[in-house]
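Structural overview for review
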Amino acid sequence: MYQFFVRTPDSEVEKLLRLLTFLPLQTIDQLMARHRRTPELWEAQKCLAEELTKLVHGEEGLHKAKAISQALYKGDISILEQLDVKDISQSFGGAPMCEVLPEPGMTILDVALRANCFPTKNDAVRIITAGGFSINFKKAKNISEVLTPSVHILANKLSLLRVGKRNYYIIKWLI
């Protein structure tokens, strides 16, 4: 929800601020004046996203949404380590989750196939080697790379897999 409103077009943001928030009109006018001077800062969109997320999910929900955004757009995985499976799954559009018992010698390809990230092994090999796969926001191109707990498994015993730009999968490690 937070990211949806951060992406609001400039042409719509003022209308949505007036309709959906409880901000005083004078505050909205001042915010929009600043936004028109420096639209690249997305100040109005961020304000809209914060106000609506806080209204629907409370302060804690807003904090989690901002943390997830930080992880997504700045690649800060330390934030993911503080969240549980439910929060991560909700934040990544209900990403499918599977539980995996790690085995010695388990490779990137093995994990991708167990998580059902790809319809076939050939697709997995092609996409991974082309750079379209990542684990915890780090590109993984070598299908034979063996999983290393300190690199591929977060402190909360999770791994976030991504195929392309928007397809996420969560691994809950049974350690």
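As annotated in an unreviewed UniProt entry, the chain is AGAP000012-PA-like protein from Anopheles sinensis. According to the UniProt record, the Sequence similarities (unreviewed entry) comment for the chain is "Belongs to the class-I aminoacyl-tRNA synthetase family."

Notes on the UniProt feature "domain: Tyrosine--tRNA ligase SYY-like C-terminal" (unreviewed entry) in the chain
According to UniProt, the positions carrying the feature "domain: Tyrosine--tRNA ligase SYY-like C-terminal" (unreviewed entry) are residues 87-171. Helix and strand shares over residues 87-171 are 29% and 24% respectively, and the end C-alpha atoms of the span are 14 Å apart.

A few points about the packing of helix α2 (residues 10-20) against helix α3 (residues 25-37)
As a packed pair, α2 and α3 sit with axes 10 Å apart at the nearest point and diverge in direction by 165 degrees. Here α2 lies roughly antiparallel to α3, going by the angle between them. When the axes of α2 and α3 are compared, the crossing they make is right-handed. Between α2 and α3, the residues in contact are Asp10, Val13, Glu14, Leu17 and Arg18 and Leu25, Ile28, Asp29, Leu31, Met32, His35 and Arg36, respectively.

Focus: helix α4 (residues 43-74)
The end-to-end C-alpha distance of α4 is 18 Å, clearly below the 46 Å that 32 residues give at a rise of 1.5 Å each. Of all the bends in α4, the greatest measures close to 125 degrees and is centred on His57. Gly75 lies just past α4 and shows a positive phi near 65 degrees.

A short note on the pattern of salt bridges
By the definition in use, this model includes 11 salt bridges. Between Lys54 and Glu59 there is a salt bridge; the shortest N-O distance is 3.9 Å. Asp123 is the salt-bridge partner of Arg126, the closest N and O atoms lying 3.1 Å from each other. With Arg126 and Asp123 both in helix α7 (residues 121-129), this residue pair falls 3 residues apart, about one helical turn. Several salt bridges converge on common partners, so that one network encompasses Glu14, Arg18, Asp29 and Arg36.

Cut-offs and rules
Sequence order as written defines residue numbering, which begins from 1 separately in each chain. Whole-chain, interface and lining totals are the exception, using all residues; otherwise, since this is a predicted model, local features are given only for residues with pLDDT of at least 70 and side-chain atom pairs are given and counted only at 80 or more. Side-chain descriptors were evaluated using all non-hydrogen atoms of the structure, hydrogens and water having been removed beforehand. UniProt positions are given in the numbering used here, feature names are shortened, and annotations may be inferred rather than shown by experiment. In this text, helices come from DSSP runs of H or I with a minimum length of four residues, and strands from runs of E with a minimum of two, each type numbered from the N-terminal end. Lines fitted to C-alpha atoms define the axes here, with helix axes fitted over just the stretch in contact, and angles between the N-to-C directions of these axes take values from 0 to 180 degrees. Here is the rule for angles: anything less than 35 degrees is roughly parallel, anything more than 145 is roughly antiparallel, 65 through 115 is roughly perpendicular, and the remaining ranges are oblique. By the definition used in this description, the sense in which the near helix is turned from the far one sets the handedness, with an anticlockwise turn below a right angle giving left-handed and a clockwise turn giving right-handed. Whether two residues are in contact is decided by their heavy atoms: any pair within 4.5 Å suffices. Helix span is expected to be 1.5 Å times the residue number reduced by one. To get the bend at any residue, fit one axis to the seven residues that end at it and another to the seven that begin at it, then take the angle between the two axes. Any carboxyl oxygen of Asp or Glu that lies within 4 Å of a side-chain nitrogen of Lys or Arg is treated as forming a salt bridge with it.

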